[in-house]
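Summary of structural features
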2 protein chains.
Amino acid sequence: MRIGELARRTGVTTRALRYYEEQNLLTAERSGSGQRHYAEDAVDRIRLIRRLYAAGLGSKAIAELTPCVIDGKATPELLRRLAAERDHLDRRIADLVHTRDRLDSVIGGASSAMDTGVPCPRDADA
Amino acid sequence: MRIGELARRTGVTTRALRYYEEQNLLTAERSGSGQRHYAEDAVDRIRLIRRLYAAGLGSKAIAELTPCVIDGKATPELLRRLAAERDHLDRRIADLVHTRDRLDSVIGGASSAMDTGVPCPRDADA
DNA sequence: CTTGCCTTTCACGTCGACGTCAACTTTTAC
DNA sequence: GTAAAAGTTGACGTCGACGTGAAAGGCAAG
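Our subject in this report is the structure included herewith. (Residues numbered from 1 in each chain as written. Chains lettered and ligands numbered in written order. Predicted model: local features only at pLDDT ≥ 70, side-chain atom pairs only at ≥ 80, totals over all residues. Heavy atoms only, no water.)

**As for helix H1 (residues 3-10) of chain B**
Residues and elements named next belong to chain B. Defined as follows: Throughout, exposure labels follow a simple rule: accessible area from a 1.4 Å probe, protein chains only, divided by the maximum for the residue type, with under 20% read as buried, over 50% as exposed, and the rest as partly exposed. Here a strand is any run of E in DSSP of at least two residues, a helix any run of H or I of at least four, and the numbering for each starts at the N terminus. By definition, the arc is the one covered by directions from the helix axis to the C-beta atoms. Note on contacts: a residue pair qualifies if any of its non-hydrogen atoms lie within 4.5 Å across the two residues.
Every buried residue belonging to H1 is among Ile 3, Leu 6 and Ala 7, and all of these are buried. Viewed end-on, H1 has its buried residues packed into an arc of 105°, placing them on one side of the element. Looking at the buried residues of H1, the elements they touch are helix H2 (14-22), strand E2 (36-37) and helix H3 (42-54).

**Some remarks on the protein's contact with DNA strand C**
Note the threshold: It suffices for a single heavy atom of a residue to lie within 4 Å of a molecule or strand for the residue to be listed as near it. Polar contact is defined as a pair of N or O atoms within 3.5 Å, subject to the rule that within protein one atom must be able to donate a hydrogen and the other to accept it, and that residues adjacent in sequence are counted only when both atoms are side-chain atoms. For this classification, Asp, Glu, Lys and Arg are treated as charged, while Ala, Val, Leu, Ile, Met, Phe, Trp, Tyr, Cys and Pro are nonpolar and the rest, including Gly, are polar.
In the vicinity of DNA strand C there are 21 residues, among which Gly4(A), Arg18(A), Arg36(A), Thr13(B) and Ser33(B) approach most closely. Taken together, the sugar and phosphate atoms account for 79% of what DNA strand C places within 4 Å of the protein. Separating a phosphate oxygen of DNA strand C from a side-chain N or O atom of Thr13(B) is a distance of 2.8 Å. Between DNA strand C and Tyr19(B), the relevant distance is 3.3 Å, taken from a phosphate oxygen to a side-chain nitrogen or oxygen of the residue. Elements represented by at least two residues in the surface near DNA strand C include exactly helix H1 (3-10) and helix H2 (14-22) of chain A together with H2 and H3 of chain B. With four residues, the top contributor of residues to the surface near DNA strand C is H2(B). Partitioned by chemical class, the residues of the surface near DNA strand C number five nonpolar, eight polar and eight charged.

**Points about the pattern of salt bridges**
The condition that has to hold: Whenever Lys or Arg places a side-chain nitrogen within 4 Å of a carboxyl oxygen from Asp or Glu, that contact is recorded as a salt bridge.
Applying the stated criterion across every chain yields a total of 22 salt bridges over all chains. As a salt-bridge pair, Glu21(A) and Arg36(A) come within 2.7 Å of each other at their nearest N and O atoms. Here Glu21(A), found in helix H2, pairs with Arg36(A), found in strand E2 (residues 36-37); they are 15 residues apart in sequence, far enough to count as distant. Across the pair, exposure class does not vary: Glu21(A) and Arg36(A) are buried alike. Its salt-bridge partner being Arg86(B), residue Asp90(B) comes within 3.1 Å of it at the nearest N-O pair. In this pair, Asp90(B) and Arg86(B) both sit in helix H5 (residues 76-116), four residues apart, roughly one turn of the helix. Asp90(B) sits in the partly exposed class, given a relative accessible area of 25%.

Pasting the structure below:
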């Protein structure tokens, strides 16, 4: 398929697809006239890339990690890298959960302040 | 206290503190010569700001929300806003947890691929 | 052949949260 | 009194993941 169809099927713009290729996240066959042609599994690959972006990884990290996932070439180094990213992600999640809880308490305080007309208590913990 | 001490006590740079003021997230008294002077509770306020940034909010959203948290002026509108941000955050957390699990399975696949010498299986679900 | 959509590369624009000089004034320490 | 340290405003730089034309060539339909 050509770039337009891949874009429609994945929901990402053609600009993004060319950008991914520029960042070595994606490769494509070229027809004689220079047009990109993708195989079916490109769709899955895009999905993988999008998930890794969603995980907070940058294009550089993704470029280093995808060969492992795609080709199964898991060097110990890459495994360490993956584990490191996983830990990173874990901490981000914990942070966000903490923040959500704080936000909840803020909401609680604000609600009761509205009910009672009394300013909500200030921040206490770290 | 002046800006340098506040910076040391909060761990954010003076540049960031001036930026926060520019974005109306923070106010300061001025001495005759124009230097900023902060009260003790500025430290807590910075922490609040940092948490909201960590929650993925932008300066604009924070500027709209902090008056509520600080002054207890919780209008129904602001409460709606807070609740909306909370839900947003909730979804982000769920996404990240999902991604982490996917990353775990990738790690699992890569490990076994290393052990068995067999390429890891391709992506299956959405 | 031409119309019209798709594709190509090039290259500057964007947005947000600051970093990083620069040029100066104020405060502090000796 | 003087030098170092810390403060001020102003303005341009950064980084990342694209957006957004521009100028040109490619491809099937009538």
